[in-house]
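# Residue-level structure breakdown
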Amino acid sequence: MIPGPIEFEPAVLQALGAPTSSHVAPDFINSFGNCIELMRKIWQSPTGQPFIIAGSGTLAMDMAAANLIESNDNVLVLSTGYFGERYAEITKRYGANVTILTTEPGTTIPLEKIETELAKKSYKIITITHVDTSTGVLFDPKPIAEIAKKYNTLSILDGVCSVAGEEIKQEEWGIDIVLTASQKAIGVPPGLALLMVSKKAMESFKNRKSPVGNYYADFTNWLPIMNAYENRQASYFGTPPVNLIAALEVSLQQIVAEGMETRFIRHIKIATAFREAMLALGLLLLPTNKNHSANTLTATYYPKGIDATTFLQKIGNNNVIVAGGLLPSLKTQYFRVGHMGSVNNNDILATIGAIESCLIACKYNYEKGIGIKTALNILNT
Ligand SMILES: *Cc1c(COP(=O)(O)O)cnc(C)c1O
């Protein structure tokens, strides 16, 4: 139950374990083309340009930055935690003048503050972390993208912990790049960086005056490959991770078959059940408000008097694996539970059960069973 790599569907793992075909075999070409078409449905971006590249989520962040930034461009980074800080580091590498708006852990940044900053000077790019996996904070990108458009600023959404788990309507909301990785709510083992680039962002890339300062990440190299596979033609720039892409096709098909709305509601219900269960146990959540709590993972403070090692070990003894803290300043004070992708009601009940067993073993004073009962009530409404 960690926030990535998540648990994977048997059919996805089966595709991953099938014999590796040639990257120019007709079946593989077709799979790749299908992935490109399915991505547009999941991102809700009918005219977006998908990129499927071997690498992790950090490469997806790096690619978006490398292709849009030129030296001395102004970039505004909205940081709600660990991955916002990372985005600032990445954009600096490409010579951007970076301004970071930060906030107290567990909170978001007020829209007025963002608009005031965008009004100060001409920003080429704004970056937003949709769900910061270090804090469990959900930052609604819709109003931010709207403001960005008003100031003619391109928006990049780090959706590594949100795409296919939290609602995103990329085109309707006007977000220029939405990026993710395979191992989170997309439901495929680690190794794929996935990006969806708007027409406007592709125009901006095509109008660059300087070459992209990163050979592997350069859209110039990958755009013809994506176009070829979409047209069901063979092509080569760098060998694609054939098995991962075969597995991606299976997972994307499962996601589309479930339906985006149904999928988002399932995530909301399971997340609500887990959060309310933690509160019923008397534990405190890191996000300061339910309105900005993620539906893909939850960050909860350890109970008073129980240290990180004891807590994580005792839950592990109950066969549930959860993650420790990630934010350096609070690392030893909270734990994280991922509930995205193929997560179901039984998974979350088992997790709450393991947490309750840990509390009982630690002689924590609370009403036994109240976490499970709270979750059951929510899951069965
Ligand atoms: C996991 C994650 C990343 C980094 O992805 P990697 O695949 O580990 O490189 C970036 N941003 C967010 C929000 C994440 O959750």
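For clarity, every value in this text was computed on a predicted model and none was experimentally measured.

In terms of regular secondary structure, the protein chain is built from 14 helices and 11 strands. Taking 381 residues into account, the globule formula puts the C-alpha radius of gyration at 21 Å, and the protein chain, at 21 Å, falls close to it. Considering only C-alpha atoms, the protein chain reaches an extent of 65 × 55 × 35 Å along its principal axes. A separation of at least 24 residues holds for 71% of the contacts in the protein chain among residues at least 6 apart in sequence. Surface exposure of the protein chain reaches about 15,300 Å², of which carbon and sulfur atoms provide 52%. The positive charge centre, built from 32 side chains, and the negative charge centre, built from 33, are 3 Å apart in the protein chain.

Take the environment of Phe83 next. With respect to the helices, strands and loops of the structure, Phe83 is situated in helix α4 (residues 82-93). In this structure the C-alpha to C-alpha distance between Phe83 and Lys184, which are 101 residues apart in sequence, comes to 15 Å. If we skip the residues at most four places from it in the chain, Phe83 touches Met61, Thr129, Asp132, Thr133, Asp158 and Leu326.

The final tally for this structure, using the stated rule, is 13 aromatic pairs. Put simply, the rings of Tyr215, Tyr216, Trp222 and Phe237 pair up and form one aromatic cluster.

Turning our attention to the confidence of the model for the protein chain. Predicted coordinates in regions of low pLDDT should not be interpreted in detail. Predicted confidence across the protein chain gives a mean pLDDT of 98, with 100% of residues reaching 70 or more. Taking the mean pLDDT of every element in the protein chain, the minimum, 96, falls on helix α12 (residues 308-317) and the maximum, 99, on strand β9 (residues 192-197).

A negative phi angle characterises most non-glycine residues, just as the trans form characterises most peptide bonds. Backbone torsion omega between Gly4 and Pro5 reads -5°, so that peptide bond is classified as cis. Take Pro5: it is sitting in the segment before α1 (10-17). At Gln44, a position not held by glycine, the phi torsion is positive, near 55°. As for its placement among the helices and strands, Gln44 is situated in the loop between α2 (26-43) and β1 (49-54).

All right, on to the site of the ligand then. Close to the ligand lie 13 residues; Ser56, Thr58, Thr133, Asp158 and Lys184 are nearest. Residue Gly57 places a main-chain N or O atom 2.8 Å away from an oxygen atom belonging to the ligand. Between Thr133 and the ligand, the recorded distance is 2.3 Å, taken from a side-chain N or O atom to an oxygen atom. When isolated, the ligand has an accessible area of 380 Å², and the protein chains bury 89% of it. A class-by-class count of the residues in the shell around the ligand yields 5 nonpolar, 6 polar and 2 charged.

What follows is about the side chain of Glu117. Note that Glu117 resides in helix α5 (residues 111-120). Of the polar contacts made by the side chain of Glu117, one reaches the side chain of Tyr123; its length is 2.7 Å. Beyond its immediate sequence surroundings of up to four residues, Glu117 is in contact with Leu76, Thr99, Leu101 and Tyr123.

Turning our attention to the domain arrangement of the protein chain. Entries for the protein chain in the domain assignment read domain 1 (10-258) and domain 2 (260-379). Here domain 1 and domain 2 have C-alpha centroids that lie 29 Å from each other. The interface of domain 1 with domain 2 comprises 30 residues on the first partner and 25 residues on the second. Counting across the domain 1 and domain 2 interface gives 2 salt bridges. Glu258 is the partner of Arg266 in a salt bridge, and the nearest nitrogen-oxygen pair spans 2.7 Å. Seen at the junction of domain 1 and domain 2, the total is 14 residue pairs in polar contact (both at pLDDT 80 or more). Elements represented by at least two residues in the side of domain 1 that touches domain 2 include exactly α2, α4, β5 (131-132), β6 (137-138) and α10 (242-258).

One open sheet accounts for 7 strands, arranged β1-β9-β8-β7-β4-β2-β3; its pairing is mixed. The open sheet has two edge strands, β1 and β3 (97-101), and neither has a second partner. Taking each pair of neighbouring strands and ignoring which way they run, the sheet shows an average axis angle of 20°. Running at roughly 105° to β1, helix α9 (residues 219-230) makes contact with β1 and β9 of the sheet.

Further remarks concern the environment of Ile255. If you trace the backbone, Ile255 turns up in helix α10. Each C-alpha atom of the pair Ile255 and Ala185 lies 9.6 Å from the other, and the pair is 70 residues apart in sequence. Among residues more than four places away in sequence, those in contact with Ile255 are Ile42, Ala164, Ala185, Ile186, Met260 and Arg263.

Thresholds applied
Residues numbered from 1 in each chain as written. Predicted model: local features only at pLDDT ≥ 70, side-chain atom pairs only at ≥ 80, totals over all residues. Heavy atoms only, no water. Helix = DSSP H or I, 4+ residues; strand = E, 2+ residues; numbered from the N terminus. Rg over C-alpha atoms; globule rule 2.2 N^0.38 Å. Contact = heavy atoms within 4.5 Å. Areas by Shrake-Rupley, 256 points an atom, 1.4 Å probe, with all protein chains shown as cover. Lys, Arg positive; Asp, Glu negative; His and termini not counted. Charge placed at Lys NZ, Arg CZ, Asp CG, Glu CD. Phe/Tyr/Trp six-rings, centres within 6.5 Å; stacked < 30°, edge-to-face > 60°. pLDDT = per-residue confidence, 0-100. Near = heavy atom within 4 Å. Polar contact = N/O pair within 3.5 Å; in protein donor to acceptor, adjacent residues only side chain to side chain. Nonpolar A, V, L, I, M, F, W, Y, C, P; charged D, E, K, R; others polar. Domains from an automatic or database assignment. Salt bridge = Lys/Arg side-chain N within 4 Å of Asp/Glu carboxyl O. Pairing = 2+ DSSP bridges. Axes fitted to C-alpha atoms, helices over the stretch in contact; angles between N-to-C directions.

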